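Summary of the model geometry
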Amino acid sequence: MEKYCDSCQKMVVTRILNTNETYEIFGEKIDVDAKVRTCLECGEQLYDEELDNATLVNAYNIYRQRHKLLMAEEIRQIREQYGLSQRGFSKLLNWGDKTIHRYENGSLQDKAHNSLLIFLRDPQNMREYLSNNETGLDAVQKEKLEKKLDDLEPEIERNNNDRFISSYFLKKPSIQNGYKVFDFEKFYAAVLFFANTCDGLLKVKLLKLLNYSDMIFYKENGVSITGAQYVHLPYGPVPQHYDVLFGILEALKIIHVDIKIDNGYEKHQIIPDCNDYESILSADEISVLQRVYKKFENFGSKEIYQYAHKEIGYMETRQGEIISYEYAKNIEL
Ligand SMILES: [Zn+2]
């Protein structure tokens, strides 16, 4: 491409060279790969709006990563999830009309703006923001956004559940959870597998089937399926907080528990309300669940209870203690 070279003072043939440049962004030096247009006759670097802008955007992106700022694409996603135009989003936030447009095109965002955007990524926070702030939106725009938030309600619900559930569990993988942070989706898929596979499945039996599945999968793969921790209780090892988890499963209409009185004893039978588990579990996970199911197919609650009580992990822990996945190596199936 021919361009005017100031040094040669004429139109010259140019080419693009790869080089490294250092930009200074808010007083911080950022090294960045750059493409620059150079004069083939004198070697001088020539101004090229497109190339130079791309380099600046790259430098900004490095700065963003370093300071955990949202990428331009993420800002666009946040806006689009609410069905807002760039101008509409700016109005909502009481920012200058062009602000969002500039950010989405690579301009570096203000840090306070960045924090607000991260906060508003969560639809529940957006609802809160909308009801507590006077925004530049007109009535029609506001109504449209509220409608959008209604549509996002199931997602808000799910986020709430996730937050609620994760508040109960270890935040980090360790030997206690089979090197996996509790995964509620896997947990309910495993519950659904057994509830759909076993006729008349009782809760006491299910709790032990879950324990065997996680332990065996851990023994063979070095990681558990659900990330549940198992607690030593008088009637065997059970997933920690299983009562809370079953409450959520019922509320989400994934299963329900049918209570029957049999010979003066309460029997809690697990009834599946859907069978949507196959897409959630891997083939390896399903194969372990099937083996566990087969092994205990004809075991009543009492027999599986007696069987589970002889496991070393159970015998060597006391009531209320977590049974480490360390003991998985002793389990044979
Ligand atoms: Zn030149």
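Residues numbered from 1 in each chain as written. Predicted model: local features only at pLDDT ≥ 70, side-chain atom pairs only at ≥ 80, totals over all residues. Heavy atoms only, no water.

Where an unreviewed UniProt entry is consulted, the protein appears under the name HTH cro/C1-type domain-containing protein, with the organism given as Youngiibacter fragilis 232.1.

Once that is clear, we can look at the sheet that holds strand S6 (residues 236–239). Here we have 3 strands laid out as an open sheet, ordered S6-S5-S9, and antiparallel in their pairing. The open sheet is flanked by S6 and strand S9 (322–323), the only strands paired with a single partner. Here 2 bridges tie strand S5 (residues 230–233) to S9, and the two strands are oriented antiparallel to one another. Each residue of the ladder has a partner; that of Val231, found in S9, is Ile322. (Pairing = 2+ DSSP bridges. Helix = DSSP H or I, 4+ residues; strand = E, 2+ residues; numbered from the N terminus.)

On to helix H11 (residues 242–251). Turning to H11, its buried residues number three or more, namely Tyr242, Leu245, Phe246, Ile248 and Leu249. The arc that holds every buried residue of H11, seen down its axis, measures 160°, which confines them to one face. Turned more than 90 degrees off the buried face of H11, the exposed positions are Asp243 and Ala251. Directly beyond the C-terminal end of H11, a positive phi value near 60° is found at Lys253. (Buried < 20%, exposed > 50% of the residue type's maximum accessible area, 1.4 Å probe, protein only. Arc of directions from axis to C-beta.)

Let's shift gears to the domain arrangement of the protein. Domains assigned within the protein are domain 1 (2–66), domain 2 (72–151) and domain 3 (172–330). Here the C-alpha centre of domain 2 lies 34 Å away from the C-alpha centre of domain 1. On the side of domain 2, 8 residues touch domain 1, which itself brings 6 residues to the contact. Taken together, both faces of the contact between domain 1 and domain 2 bury some 520 Å²; the carbon and sulfur share is 58%. The largest share of the area that domain 1 buries against domain 2 comes from Tyr60, Tyr63 and Arg64, three residues that together contribute 77% of it. Taken together, domain 1 and domain 2 are joined by 0 salt bridges. If you look at where domain 1 meets domain 2, you find 4 residue pairs in polar contact (both at pLDDT 80 or more). Tallying contributions element by element places helix H1 (residues 49–66) first for the side of domain 1 that touches domain 2, with 4 residues. Among the residues forming the side of domain 1 that touches domain 2, the class breakdown is 5 nonpolar, no polar and 1 charged. (Domains from an automatic or database assignment. Contact = heavy atoms within 4.5 Å. Buried area = accessible area lost by both parts, 1.4 Å probe. Salt bridge = Lys/Arg side-chain N within 4 Å of Asp/Glu carboxyl O. Polar contact = N/O pair within 3.5 Å; in protein donor to acceptor, adjacent residues only side chain to side chain. Nonpolar A, V, L, I, M, F, W, Y, C, P; charged D, E, K, R; others polar.)

Turning our attention to the pairing of strand S8 (residues 265–272). Here strand S7 (residues 255–262) runs beside S8; their pairing, made up of 8 bridges, is antiparallel. Following the sheet pairing, Ile259 is matched in S8 by His268.

Right, let's get into the sheet that holds strand S3 (residues 28–39). If you trace the 4 strands from one edge of the open sheet to the other, you get S1-S2-S3-S4, paired in antiparallel fashion. The sheet is open, and its two edges are formed by strand S1 (2–5) and strand S4 (45–46), each paired on a single side. Where strand S2 (residues 10–25) and S3 come together, 12 bridges link them in antiparallel fashion. Each bridged residue has a counterpart across the sheet, and for Glu24 the counterpart in S3 is Lys29. Packing of H1 onto the sheet brings it into contact with S2 and S3, and relative to S3 it is tilted by some 165°. (Axes fitted to C-alpha atoms, helices over the stretch in contact; angles between N-to-C directions.)

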